[in-house]
Each structure stands twice: as C-alpha cells, then as structure tokens.
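# Residue-level structure breakdown
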Amino acid sequence: VELLYFKGENVKEYNHLTWKTATEIDNEGFYMERSIDGKTFEILDFVKGAGNSLETQKYELRDYKIQAGNTYYYRLKQMDFDGRFEYSEIVAISLEDEKNLKISIAPNPANTTTLISYDLVEHSNITIQLLDINGRVIRLLEYGTQQRKGTHYLPLDVKALERGLYFVLIESRDKRVMKKLTVM
C-alpha cells in the first residue's frame, strides 16, 4: 500500500482523520489506533481497505470520544490479507483549552533556532519535552520548573536535529499541549 497522506484536525465535537492511498495490493484495511500519551496505543476502529486497486482511494474516520485540553495521537496500522502490517507516522491533535495553556512556535519550519512561547494563567510547574515522530523524548527542555503566571519564552537550537517532524510537549499540572515543529 502506498500511503499518500495521513492527517487529522479537530472539527468542534470530533477529531476528523483522513488518509489517501495511491495504490493498494492485498490491503485488508486499516486499524486506527489512538493514544493519549503518544506511546501506548489502543485500537479505535477498523476501516476496510479496497483490497487491490491501482486508483487513489480516500478514507476517513471521526473520533467523537474527545475532551478539550487534551492531545490525542493517532496512527494507522495497515493490514494485508496475509497478516503483514505497517504503521503510518503519528498524527497529533491538540484540543487546547485556551483558559489554561497556550503555546506557539516561531519560526516554524525552523533550520537553526526557533522560539517557543507559552502563556500561563496561574503559577505552575512546567515540563517541556521535544519528541520525535514516534513520541520518543529527544530532549528534556524543562522539568518541573516553577514558573509564574504570564508569557514565557524558550529558545530552541535545532541545528543538530535531523530534518523532519517533531513535537513540542508542554505539561502543566493536568494539562498537556502539543505543537508540531518542522526542522528543515
């Protein structure tokens, strides 16, 4: 199966996941897997594949079991009829609770340095991590640091990172917000 794209976005009351294949050979279908920590995934649903196709195929799935303030991680497990499988890249959808934690990254994409800015509505202990596409911690930028209410800035040097997609995860008490970072 040649996957052209796999993407997701929040549409108010659900997360909308879409993907498209260029060709399919012996494709039984796709297990949509979901995680709340980016590491432990559970099966959300199964979408039947086209089997064999030389034409593009579009697929979609809606996840209504979501809550504001959380980040959800999704991946496809593409299954062949013979039991072989392959995972897609991970897609993260952050449902920001604007009252608690708001972050931005600029410039993004970045090739030398970027600036992470975040707003806290109350004094909080903050942990900031840089994750790779598979959810593994690449760098621990802050760990349990007590910070005051207000806007904070954290420069991030990305020169030593390989080109690709990363995630910046900021945790404050019971809130987790994630943003994509592209390194060029």
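Residues numbered from 1 in each chain as written. Predicted model: local features only at pLDDT ≥ 70, side-chain atom pairs only at ≥ 80, totals over all residues. Heavy atoms only, no water.

## Description of unusual backbone geometry
- For the bond from Ala-106 to Pro-107, the omega torsion is -5 degrees, close enough to zero to count as cis.
- Even without a glycine there, the phi angle at Asp-26 is positive, about 55 degrees.
- Inspection of the secondary structure assignment puts Asp-26 in strand 2 (residues 14-35). (Helix = DSSP H or I, 4+ residues; strand = E, 2+ residues; numbered from the N terminus.)

## Concerning the nonpolar core
- Membership of the largest hydrophobic core comes to 20 residues, with the highest contact counts inside it found for Ile-116, Tyr-118, Val-168, Ile-170 and Leu-181.
- Listing elements by their share of this core, those giving two or more residues are strand 8 (101-106), strand 9 (113-120), strand 10 (124-131), strand 12 (150-157), strand 13 (164-172) and strand 14 (175-183).
- Dropping the residues within four chain positions of it, Val-168 is found in contact with Ile-103, Ile-105, Ile-116, Ile-128, Gln-129, Leu-130, Val-177, Met-178, Lys-179 and Leu-181.
- Residues Phe-6, Leu-61, Val-91 and Leu-95 belong to the second largest nonpolar core, which totals 15 residues. (Core = buried A, V, L, I, M, F, W, Y, C linked by side-chain atoms within 4.5 Å. Buried < 20%, exposed > 50% of the residue type's maximum accessible area, 1.4 Å probe, protein only. Contact = heavy atoms within 4.5 Å.)

## Section: the sheet that holds strand 12
- Taken together, the three strands give an open sheet; going across it, the order is 8-9-12, and neighbouring strands pair in antiparallel fashion. Two strands lie at the open edges of the sheet, namely strand 8 and strand 12, each paired on one side alone. Strand-to-strand twist of the sheet, defined as the mean angle between neighbouring strand axes without regard to direction, takes the value 20 degrees.
- Sheet topology note: the strand 9/strand 12 ladder contains eight bridges and is antiparallel. Looking across to strand 12, one finds that Tyr-118 is bridged to His-152. (Pairing = 2+ DSSP bridges. Axes fitted to C-alpha atoms, helices over the stretch in contact; angles between N-to-C directions.)

## Here we look at the sheet that holds strand 14
- What the four strands build is an open sheet, ordered 11-10-13-14; its pairing is antiparallel. Two strands bound the open sheet, and with one partner strand each, they are strand 11 (137-147) and strand 14. Neighbouring strand axes in the sheet, compared pairwise and without regard to direction, differ in orientation by 15 degrees on average.
- Pairing of strand 10 with strand 13, which is carried by six bridges, proceeds in the antiparallel orientation. Across the sheet, Leu-131 pairs through a bridge with Phe-167, a residue of strand 13.

## A closer look at the pattern of salt bridges
- Counted under the stated rule, the structure contains five salt bridges.
- The residue Glu-33 makes a salt bridge to Arg-75 at a minimum N-O spacing of 2.7 Å. Linking Glu-33 in strand 2 with Arg-75 in strand 5 (residues 71-80), this pair joins segments that are 42 residues apart in sequence. (Salt bridge = Lys/Arg side-chain N within 4 Å of Asp/Glu carboxyl O.)

## Some words on the pairing of strand 1 (residues 2-11)
- The pairing of strand 1 with strand 2 spans nine bridges and is antiparallel. Considered in strand 2, the bridge of Glu-2 is made with Thr-23.

## Focus on the environment of Glu-28
- When you line up the elements, Glu-28 lands in strand 2.
- Residues Glu-28 and Lys-7, spaced 21 residues apart in sequence, show a C-alpha to C-alpha distance of 21 Å.

Function-wise, these values are silent; they only describe arrangement.
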